[in-house]
Protein chains: 2
Amino acid sequence: MIKKINHIAIVVPELTAAIDFWVAKLGLALDHVEGVPSQAVEVAFLPVGDTAIELLQPTDEASGVARYMQKRGPGIHHICFEVDDIGATLDQLRAEGVPLIDETATVGSDGRKYAFVHPKGTGGVLVELYELAT
Amino acid sequence: MIKKINHIAIVVPELTAAIDFWVAKLGLALDHVEGVPSQAVEVAFLPVGDTAIELLQPTDEASGVARYMQKRGPGIHHICFEVDDIGATLDQLRAEGVPLIDETATVGSDGRKYAFVHPKGTGGVLVELYELAT
């Protein structure tokens, strides 16, 4: 059911300084940076092994990611797992009584489906699910 | 320099309930559970892709992991990266001015070398480094 970890997201106040640590000092590779207006973030993609670190810089102080950072400070924001069938996964979690942030998946412009599981159901970890377009 | 993510560690109050979510409900595989007395934790190993989730239950309320959970609540504790040469990595980070928790690596009973980088140098993320025994 779970194929792999697609990415681990880290919220940062400022991408340039974060890239200086993760890439220039620690030695990860920088694939690319892109804006994700729907989430109000600029994202740097750092592939490592079969997964990736994603650095998220909020671009709107009222967004969910910005409010998370205001409350908890910068650091790890969520883990994203790839699944075969996100609809079946959400149905199973719901049947098990796990609280969901998104009752159904959203379909992105690239065909990817995604949804978040509530951290109160996971022991304090914000979990994202991806079903990639085939 | 960085080969892959060895594991993502999640601190939990109680392993049985955590395994119920991550394994029985979400569908990750449980490899094994073992005690790590030097860190005062019981650890459940859940491989996923080329990395793993490690669930940490503190076994001593005065330990570093227990105090982290008391302060921040349960959730993600650290990310561990595998490197080729941990001594060279620590030297490079020190030369770049990155604060380290461990100035030199500790060698575990299985020959693995490990050290922690201070979260104040990484933007709020506790980073562990591993050099596995060859």
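What you see is a predicted model; the values in this text were computed from it and never measured.

1. Focus: the domain arrangement of chain A
All names here are of chain A.
Stage number 1. Per the domain assignment, the segments of chain A are domain 1 (1-83) and domain 2 (84-134).
Stage number 2. The centre of domain 1, based on its C-alpha atoms, is set 19 Å off from the matching centre of domain 2.
Stage number 3. Taken residue by residue, the interface counts 12 residues in domain 1 and 15 residues in domain 2.
Stage number 4. Of the roughly 1200 Å² buried at the junction of domain 1 and domain 2 (both faces included), carbon and sulfur atoms supply 58%.
Stage number 5. The interface formed by domain 1 and domain 2 contains one salt bridge.
Stage number 6. Here Lys-3 makes a salt bridge to Asp-84, at a shortest N to O gap of 3.7 Å.
Stage number 7. Residue assignment for the side of domain 1 that touches domain 2 shows that the elements contributing at least two residues are strand E1 (2-11) and strand E5 (75-83).
Stage number 8. Considering every element that reaches the side of domain 1 that touches domain 2, the biggest residue donor is E5, with seven residues.
Stage number 9. Counted by class, the side of domain 1 that touches domain 2 contains five nonpolar, five polar and two charged residues.

2. Considerations on the confidence of the model for chain A
Stage number 1. Overall, the prediction assigns chain A a mean pLDDT of 96, with 100% of residues at 70 or greater.
Stage number 2. Two numbers describe this predicted complex: its pTM, 0.96, and its ipTM, 0.95.

3. A short note on the pairing of strand E8 (residues 127-131) of chain A
All names here are of chain A.
Stage number 1. Burial of E8 is extensive: five of the five residues sit out of reach of the surface.
Stage number 2. Taking every second residue as pointing to the same face, both faces of E8 are buried, with Val-127, Leu-129 and Glu-131 on one and Glu-128 and Tyr-130 on the other.
Stage number 3. Direction of pairing for E5 relative to E8: parallel, over a ladder of four bridges. Note that in E8 the partner of Ile-79 across the bridge is Val-127.

4. What to know about the sheet that holds strand E5 (residues 75-83) of chain B
Residues and elements named next belong to chain B.
Stage number 1. Taken in spatial order, the eight strands make up an open sheet running E2-E3-E4-E1-E5-E8-E7-E6, and their pairing is mixed. A strand with exactly one partner marks an edge of an open sheet, and here the two such strands are strand E2 (32-36) and strand E6 (106-107).
Stage number 2. Bridging between E2 and strand E3 (residues 41-48) involves five bridges; their strand directions are antiparallel. Paired with Val-33 across the bridge in E3 is Ala-44.
Stage number 3. Contacts between helix H3 (residues 86-95) and the sheet are confined to E5, strand E7 (113-117) and strand E8 (127-131), with E8 contributing the most and set at about 145° to the helix.

5. Examining the layout of surface pockets
Residue and element names in this part refer to chain B.
Stage number 1. Here the second largest pocket is characterised by a volume of approximately 180 Å³.
Stage number 2. As for the second largest pocket, its lining consists of Gly-64, Arg-67, Tyr-68, Lys-71, Arg-72 and His-77.
Stage number 3. It is helix H2 (residues 64-72) that contributes the most residues to the lining of the second largest pocket, five residues altogether.

6. Structural notes on the relation of the copies chain B and chain A
Stage number 1. In screw terms, the move from chain B to chain A is a rotation of 180° and a rise of 0.0 Å along the axis, fitting with an RMSD of 0.0 Å. When the rotation and shift are considered jointly, the pair of chain copies conforms to a two-fold rotation axis. Every residue of chain B has its C-alpha some distance from the rotation axis, and the shortest such distance is that of Asp-50 of chain B, at 3.1 Å.
Stage number 2. Mapped onto chain A, 100% of the interface residues of chain B are again interface residues, and the two copies thus contact each other with one and the same surface.

Definitions and cut-offs
- Residues numbered from 1 in each chain as written.
- Chains lettered and ligands numbered in written order.
- Predicted model: local features only at pLDDT ≥ 70, side-chain atom pairs only at ≥ 80, totals over all residues.
- Heavy atoms only, no water.
- Domains from an automatic or database assignment.
- Contact = heavy atoms within 4.5 Å.
- Buried area = accessible area lost by both parts, 1.4 Å probe.
- Salt bridge = Lys/Arg side-chain N within 4 Å of Asp/Glu carboxyl O.
- Helix = DSSP H or I, 4+ residues; strand = E, 2+ residues; numbered from the N terminus.
- Nonpolar A, V, L, I, M, F, W, Y, C, P; charged D, E, K, R; others polar.
- pLDDT = per-residue confidence, 0-100.
- Buried < 20%, exposed > 50% of the residue type's maximum accessible area, 1.4 Å probe, protein only.
- Pairing = 2+ DSSP bridges.
- Axes fitted to C-alpha atoms, helices over the stretch in contact; angles between N-to-C directions.
- 1 Å grid on protein atoms, 1.4 Å probe; cavity = no way out; pocket = protein on both sides within 12 Å on 5 of 7 lines; lining within 4 Å.
- Points joined across faces, edges and corners; volume = space filled by probe spheres on them.
- Least-squares fit on C-alpha atoms with pLDDT ≥ 70 in both.

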